[in-house]
Amino acid sequence: MELSGKVAIVTGAGRGLGRAYAKALARNGARVVVNDVDESVTELAEQIGGVAVIAPVGPASTADQLVAAAVEEFGRLDVLVTNAGILRDRVLWKMSDDEFDAVIDVHLRGTFTCARAAAIRMREQGTGGSLVLVSSPAGQRGNFGQTNYAAAKAGIAAMARTWALELARSDIAVNAIVPVAATEMTRTIPAFAPVIEESERTGAPLPAWVRRDEGLGTVEDVASLIVYLASDAAKGVTGQAIGIGGDRLALWSHPAEKQVQFADGGWTADGIAASFAEFEPETYGIPAPVAP
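This write-up is about the structure you can find in this document. Bear in mind the structure is a predicted one, so any value in this text is a computation, not a measurement.

Calculation criteria
Residues numbered from 1 in each chain as written. Predicted model: local features only at pLDDT ≥ 70, side-chain atom pairs only at ≥ 80, totals over all residues. Heavy atoms only, no water. Helix = DSSP H or I, 4+ residues; strand = E, 2+ residues; numbered from the N terminus. Rg over C-alpha atoms; globule rule 2.2 N^0.38 Å. Buried < 20%, exposed > 50% of the residue type's maximum accessible area, 1.4 Å probe, protein only. Contact = heavy atoms within 4.5 Å. Areas by Shrake-Rupley, 256 points an atom, 1.4 Å probe, with all protein chains shown as cover. Lys, Arg positive; Asp, Glu negative; His and termini not counted. Charge placed at Lys NZ, Arg CZ, Asp CG, Glu CD. Axes fitted to C-alpha atoms, helices over the stretch in contact; angles between N-to-C directions. Parallel < 35°, antiparallel > 145°, perpendicular 65-115°, else oblique. Left-handed = near helix turned anticlockwise from the far one by under 90°. Core = buried A, V, L, I, M, F, W, Y, C linked by side-chain atoms within 4.5 Å. Pairing = 2+ DSSP bridges. Right-handed = clockwise from strand over helix to strand, strands pointing away. Phe/Tyr/Trp six-rings, centres within 6.5 Å; stacked < 30°, edge-to-face > 60°.

Examining the overall build of the protein
Right, so step 1: When helices and strands are tallied, the protein shows ten helices and eight strands.
Right, so step 2: Scaling as 2.2 N^0.38, a compact globule of 292 residues should have a C-alpha radius of gyration of about 19 Å, and the protein matches this with 20 Å.
Right, so step 3: Projected onto its principal axes, the C-alpha positions of the protein cover 65 × 50 × 40 Å.
Right, so step 4: Here the protein holds 292 residues, and 47% of them are scored as buried.
Right, so step 5: In the protein, the share of contacts with a sequence separation of at least 24, taken over all contacts with a separation of at least 6, comes to 66%.
Right, so step 6: Working note: accessible area of the protein is about 14800 Å², and carbon and sulfur atoms make up 54% of it.
Right, so step 7: Within the protein, one finds 25 positive and 35 negative side-chain charges whose respective centroids are separated by 4 Å.

Written out as structure tokens, the structure is:
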């Protein structure tokens, strides 16, 4: 898919998914500014003909630095991919303030500051653009031990819907993606760890049940969605949460009223108790993978 003439920023591009996103964009013709907190992006920038910005995502100063690098080196900005993130997993009663704040700062505040800086530049250019915000299944369904991460990722999906409204007149598309891939994070899941390790040891593809039923594949599988959303082919696609992984592509539903009942004059607690028994509760949490 042709991306020649487009300029992109990818945060958290030093490894894993972010690195795959940057390579895929460059391979399809885009010029790319790559970001991470260490020197891992320097070699990547040289490899893809891009520019590296080594700085932590979160502060507005980093967001401004990223946009400035794109404009100074390549003259414009068309695409932003907010991939940077960290984990500080711990159950609620053991999570510290610092662990909560650190994850929120990188994921949620970092997405906000980078998107704000990018939107300002794109609106000044007047030629539209694409903001690709990275969410997670944990943000859609919750996940044990991930209060901070799930809250941030749910907030990112909400920001995508809000910004899609706000930036529509500027022809700037905003979408959240919900990626699943074999990374350092998924290696910690007991059901996935053995099959990922075996695939890496032998070079064989992940089993079909993992790629199809669980939607788990390689980071390169996910990168195709980034290329699509960065392209003119995705023009008009905005405000969506799109899942991808392995052989699976999915459109996530937005929160909506599932069942509704009415009581003339309002509800009493007893009335709510009686009516709620007729509701079908929603499931929650990411289902554990099950091998065939």
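Things to note about helix α7 (residues 193-202)
One turn of an α-helix holds 3.6 residues; hence residues three or four places apart share an orientation.
Right, so step 1: All buried positions along α7 are accounted for by Ala193, Val195, Ile196 and Ser199.
Right, so step 2: Buried positions along α7 lie against α8 (208-213).
Right, so step 3: Of the residues flanking the end of α7, it is Gly203, one or two places downstream, whose phi is positive at about 80 degrees.

A few points about the packing of helix α4 (residues 97-125) against helix α6 (residues 147-166)
Right, so step 1: At a minimum axis distance of 8 Å, the contact between α4 and α6 shows a crossing angle of 15 degrees. As far as their axial angle goes, α6 and α4 are roughly parallel. Between α4 and α6 lies a crossing of right-handed hand. Of the residues in α6, those touching α4 at Glu99, Phe100, Val103, Ile104, His107, Leu108, Thr111, Phe112 and Ala115 are Thr147, Asn148, Tyr149, Ala151, Ala152, Lys153, Gly155, Ile156, Met159 and Trp163.

Details of the nonpolar core
For soluble globular proteins, the rule of thumb is that nonpolar side chains tend to be buried together.
Right, so step 1: Ile9, Val33, Leu131 and Val174 are the most contacted members of the largest nonpolar core, which has 36 residues in total.
Right, so step 2: At seven residues, the largest contribution of residues to this core is made by α4.
Right, so step 3: When residues no more than four places from it in sequence are discounted, the contact partners of Val174 are Leu131, Leu133, Ala160, Trp163, Ala164, Leu167, Thr238, Gly239 and Gln240.

Details of unusual backbone geometry
Right, so step 1: One non-glycine residue, Asp171, adopts positive backbone phi at about 60 degrees.
Right, so step 2: By the element assignment, Asp171 lies in the loop between α6 and β6 (172-179).
Right, so step 3: A relative accessible area of 38% means that Asp171 is categorised as partly exposed.

Some words on the pairing of strand β4 (residues 79-82)
Right, so step 1: Side chains Val79 and Val81 project from β4 onto one buried face, and the interleaved Leu80 and Thr82 project onto a second face that is buried too.
Right, so step 2: The pairing of β4 with strand β5 (residues 129-134) spans four bridges and is parallel. Residue pairing for β5: Val81 is matched across the bridge by Val132.
Right, so step 3: Following the backbone out of β4, through α4 and into the adjacent parallel β5, one traces a crossover that is right-handed.

Some thoughts on the pairing of strand β8 (residues 248-252)
Successive residues of a regular strand alternate their side chains across the two faces of the sheet.
Right, so step 1: As defined by bridge partners, strand β7 (residues 241-245) adjoins β8 across five bridges and the pair is classed as antiparallel. Across the sheet, Ile244 pairs through a bridge with Leu249, a residue of β8.
Right, so step 2: In sequence, β7 turns back onto β8 through a hairpin of two residues, with Gly246 there showing a positive phi of about 60 degrees.

Some details on the environment of Leu216
Right, so step 1: With respect to the element layout, Leu216 can be found in the loop between α8 and α9 (219-230).
Right, so step 2: Taking relative accessible area as the criterion, Leu216 reaches 0% and is therefore assigned buried.
Right, so step 3: Leu216 has contacts with Val180, Ala181, Ala182, Thr186, Phe192, Ile196, Leu206, Val210, Arg211, Gly245 and Gly246, leaving out every residue within four places of it along the chain.

Looking at the packing of aromatic side chains
Right, so step 1: For the structure shown, the criterion picks out one aromatic pair.
Right, so step 2: Ring centres 5.2 Å apart and planes at 70 degrees place the aromatic pair Phe276 and Phe279 in the edge-to-face group.

Some remarks on the sheet that holds strand β1 (residues 7-10)
Right, so step 1: Pairing is mixed in the open sheet, where eight strands are placed in the order β3-β2-β1-β4-β5-β6-β7-β8. Bordering the open sheet on either side are β3 (51-54) and β8, each of which pairs with just one other strand. Strand-to-strand twist across the sheet, computed as the mean angle between neighbouring axes with direction ignored, equals 20 degrees.
Right, so step 2: Pairing between β6 and β7: four bridges, direction parallel. Note on β7: the bridge partner recorded for Ala176 is Ala241.
Right, so step 3: Relative to the sheet, helix α3 (residues 60-74) contacts β1, β2 (31-36) and β3, its axis offset from that of β2 by approximately 150 degrees.
Right, so step 4: Each of β4, β5, β6 and β7 touches α9; the most contacted strand, β7, lies at about 145 degrees to it.

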